[in-house]
Amino acid sequence: MTMEQTQTPGLPMKAPKIYVERTLAIIKPDLLHKAEEIEDIILRSGFHIVQKRKVHLSPEQCSDFYSDQYGKMFFPSLTAYMSSGPIIAMTLARHNAILHWKELIGPANSLKAKETQPDSLRAIYGTDDLRNALHGSYCFTSAEREIRFMFPEALIEPVPIGQAATTYLNLFVNSTLIAGLTELCKQKPADPYTWLADWLLKHNPNKPDVEHCVIIQEPTK
């Protein structure tokens with residue numbers, strides 16, 4: 001049966017829903033003066049900057065963000081470096097965004113990048129394995145987690161359903177919601193809905209410290 005045959009007579013055919021992959025990019029603290037130049041390269045490379053945010057993370061927040069690197073020798077230096085000044089976090093979108101961004105920035109060690117991929121961004125802007133100028137998500141799972149960390153309000157596609165949705169709620173939502181509902185019962189506010197909404201916004205465990213002058217770029221319509 002064709003797609004046209006499934007449509008209700010007289011109603012216009014719905015446009016197909018197209019999923020565009022997203023990844024997280026970070027311009028690291030010592031490269032903020034090159035941010036405009038790098039963003040121009042990103043756009044000319046076929047990416048769309050869906051969201052952008054300038055943030056200054058605490059060492060604790062950097063530890064949470066790089067939790068998969070915990071226990072490695074460079075971990076203390078990494079968190080100290082990434083919390084030493086503001087960074088620019090961006091959600092990038094395009095077909096195969098994760099792979100294309102990894103190819104554009106090159107190997108994690110800038111010295112290796114200079115030898116093997118001299119045209120990559122880490123080869124051009126990085127100085128060593130720590131100060132490598134830019135961050136890119138490793139895979140879809142890390143991109144999903146990192147985008148939610150930097151942009152808690154973001155909707156990541158494809159939206160989880162079934163067991164995947166249950167797992168996500170258990171891991172990232174239920175503990176915070178239960179704490180909020182418990183406090184709601186203690187406080188007994190006159191407007192419980194507004195009170196709970198404000199409480200959840202304030203106690204979002206993934207919300208980083210955002211500078212007051214922050215600019216968020218929303219998708220172009």
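Just so we're clear, the structure is a prediction, and the values are computed from it rather than from any experiment. (Residues numbered from 1 in each chain as written. Predicted model: local features only at pLDDT ≥ 70, side-chain atom pairs only at ≥ 80, totals over all residues. Heavy atoms only, no water.)

For the protein, the helix and strand inventory stands at nine helices and four strands. Going from N to C terminus, the protein has its helices and strands arranged as β-α-β-α-α-β-α-α-α-β-α-α-α. Split into buried and exposed, the 221 residues of the protein put 37% on the buried side. Restricting to contacts in the protein with at least 6 residues of sequence separation, those with at least 24 account for 70%. Looking at the protein as shown, the accessible area adds up to about 13,600 Å², and 59% of this sits on carbon and sulfur atoms. (Helix = DSSP H or I, 4+ residues; strand = E, 2+ residues; numbered from the N terminus. Buried < 20%, exposed > 50% of the residue type's maximum accessible area, 1.4 Å probe, protein only. Contact = heavy atoms within 4.5 Å. Areas by Shrake-Rupley, 256 points an atom, 1.4 Å probe, with all protein chains shown as cover.)

Right, let's talk about the pattern of salt bridges for a bit. One pass over the structure, following the stated rule, counts five salt bridges. The partner of Asp30 in a salt bridge is Arg131, and the shortest N-O contact between them spans 3.9 Å. Remark: Arg131 occurs in the loop between helix 6 (121-125) and strand 4 (134-136) and Asp30 occurs in the loop between strand 1 (22-27) and helix 1 (35-44); sequence separation between them is 101 residues. In this structure, Arg148 and Glu144 form a salt bridge, with 3.2 Å as the shortest nitrogen-oxygen distance. Separated by four residues within a single helix, Arg148 and Glu144 lie in helix 7 (residues 140-150), roughly one turn from each other. (Salt bridge = Lys/Arg side-chain N within 4 Å of Asp/Glu carboxyl O.)

The next point concerns the pairing of strand 1. Burial analysis of strand 1 places five of its six residues in the buried class, the great majority of the element. As paired elements, strand 1 and strand 3 (residues 87-93) share six bridges and run antiparallel to each other. The residue of strand 3 that forms the bridge with Ala25 is Met90. By the bridge criterion, three bridges tie strand 1 to strand 4 in an arrangement that is antiparallel. When the sheet's bridge partners are listed, Ile26 is paired in strand 4 with His135. (Pairing = 2+ DSSP bridges.)

Turning our attention to the side chain of Ser120. Looking at where Ser120 falls in the secondary structure, it is placed in the loop between helix 5 (110-116) and helix 6. Accessibility expressed as a relative area gives 4% for Ser120, which makes it buried. Within polar-contact distance, the side chain of Ser120 engages the backbone oxygen of Gln117 at 2.7 Å. In this structure, Ser120 is in contact with Leu104, Ile105, Gly106, Pro107 and Ala113, ignoring residues within four places of it in sequence. (Polar contact = N/O pair within 3.5 Å; in protein donor to acceptor, adjacent residues only side chain to side chain.)

On to the nonpolar core. Ranked by size, the top nonpolar core spans 20 residues in total, and within it Ile27, Ile42, Met90, Leu92, Trp101, Leu121 and Leu134 carry the most contacts. When contributions to this core are tallied by element, the ones reaching two or more residues are strand 1, helix 1, strand 3, helix 4 (97-105) and helix 6. If near-sequence neighbours (up to four positions away) are discounted, Ile27 is found in contact with Leu32, Ala35, Ile38, Ile87, Ile88, Met90, Ala133 and Leu134. Core analysis: the second largest hydrophobic core is formed by 17 residues, Ile26, Val55, Leu78 and Ile87 among them. (Core = buried A, V, L, I, M, F, W, Y, C linked by side-chain atoms within 4.5 Å.)

So, about the confidence of the model for the protein. With 80% of its residues at a pLDDT of 70 or more, the protein shows a mean pLDDT of 83. Confidence drops under pLDDT 50 across residues 1-7; counting only partners more than four residues distant or on other chains, this segment forms seven contacts. In the model, residues 209-221 has pLDDT below 50 throughout and makes 24 contacts with residues more than four positions away in sequence or in other chains. (pLDDT = per-residue confidence, 0-100.)

Bringing the sheet that holds strand 3 into the picture now. Taken together, the four strands give an open sheet; going across it, the order is 2-3-1-4, and neighbouring strands pair in antiparallel fashion. Two strands in the sheet have a free side with no partner beyond their single neighbour: strand 2 (48-55) and strand 4. Averaged over all neighbouring strand pairs, the angle between strand axes comes to 20 degrees, with direction disregarded. (Axes fitted to C-alpha atoms, helices over the stretch in contact; angles between N-to-C directions.)

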